[in-house]
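# Understanding the architecture of this molecule
One letter stands for each residue in the lines below.
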Amino acid sequence: SAVAINELVAISSATAAISLGAIAPNESSSVVTVALSGATRGDSIFLTIDANYPNAAANRDVTVMCSSSSTAGEVHVWGVNSTLTSVTPTAGTVIRLTRINHPSYL
């Protein structure tokens, strides 16, 4: 049977404080796992960083990203450093994760 691709099944969100630790030059940090109720493989995950995050000089060169996990209820978050020096983003940075669940994973 056909499934409507644009159909929306569920939306949920969570707030988490993450610490990425030191990120080497032109590298990414290790993946941090964050709990997000109902999250499942293939969900669309949107990350909103704390509004004060870019005000700290060490944070300006780090891009924070996320993805769904193959483990239910988990989302992966990591940072990428675009500079030539090691960067340690602010510990306990507050993020909001918003999840959109679709009817099927293609």
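Above: the structure in question.
Residues numbered from 1 in each chain as written. Predicted model: local features only at pLDDT ≥ 70, side-chain atom pairs only at ≥ 80, totals over all residues. Heavy atoms only, no water.

Turning our attention to the pairing of strand β2 (residues 32-35). The side-chain alternation of β2 yields one buried face, formed by Val32 and Val34, and one unburied face, formed by Thr33 and Ala35. Across four bridges, β2 lies against strand β5 (residues 74-81) in antiparallel orientation. Paired with Val34 across the two strands is Val75, which belongs to β5. (Buried < 20%, exposed > 50% of the residue type's maximum accessible area, 1.4 Å probe, protein only. Helix = DSSP H or I, 4+ residues; strand = E, 2+ residues; numbered from the N terminus. Pairing = 2+ DSSP bridges.)

As for its placement among the helices and strands, Leu36 is situated in the loop between β2 and β3 (44-49). For the pair Leu36 and Thr48, spaced 12 residues apart in sequence, the C-alpha separation works out to 14 Å. Excluding residues within four positions of it along the chain, Leu36 makes contact with Ser12, Ser13, Ala14, Ile45, Gly73, Glu74, Val75, Leu97 and Arg99. (Contact = heavy atoms within 4.5 Å.)

Moving on to the pattern of salt bridges. The final tally for this structure, using the stated rule, is one salt bridge. Two residues, Arg99 and Asp43, come together in a salt bridge whose shortest N-O distance is 2.8 Å. A residue pair is termed long-range when its members are at least 10 positions apart, and Arg99 in strand β6 (residues 93-101) and Asp43 in the loop between β2 and β3 qualify at 56 residues. Judged on exposure class, the residue Arg99 and its partner Asp43 are both buried. (Salt bridge = Lys/Arg side-chain N within 4 Å of Asp/Glu carboxyl O.)

The phi torsion at Asn26 lies on the positive side, around 50°, for a residue other than glycine. Summarising the element assignment, Asn26 is placed in the loop between β1 (10-18) and β2. By relative accessible area, which is 49% here, Asn26 ends up partly exposed.

The subject of this paragraph is the sheet that holds strand β4 (residues 62-68). Here we have three strands laid out as an open sheet, ordered β2-β5-β4, and antiparallel in their pairing. With one partner strand each, in any of the chains shown, β2 and β4 form the two edges of the open sheet. Averaged over all adjacent pairs, the angle separating strand axes in this sheet is 30°, with direction ignored. (Axes fitted to C-alpha atoms, helices over the stretch in contact; angles between N-to-C directions.)

In short, geometric facts, not functional conclusions.
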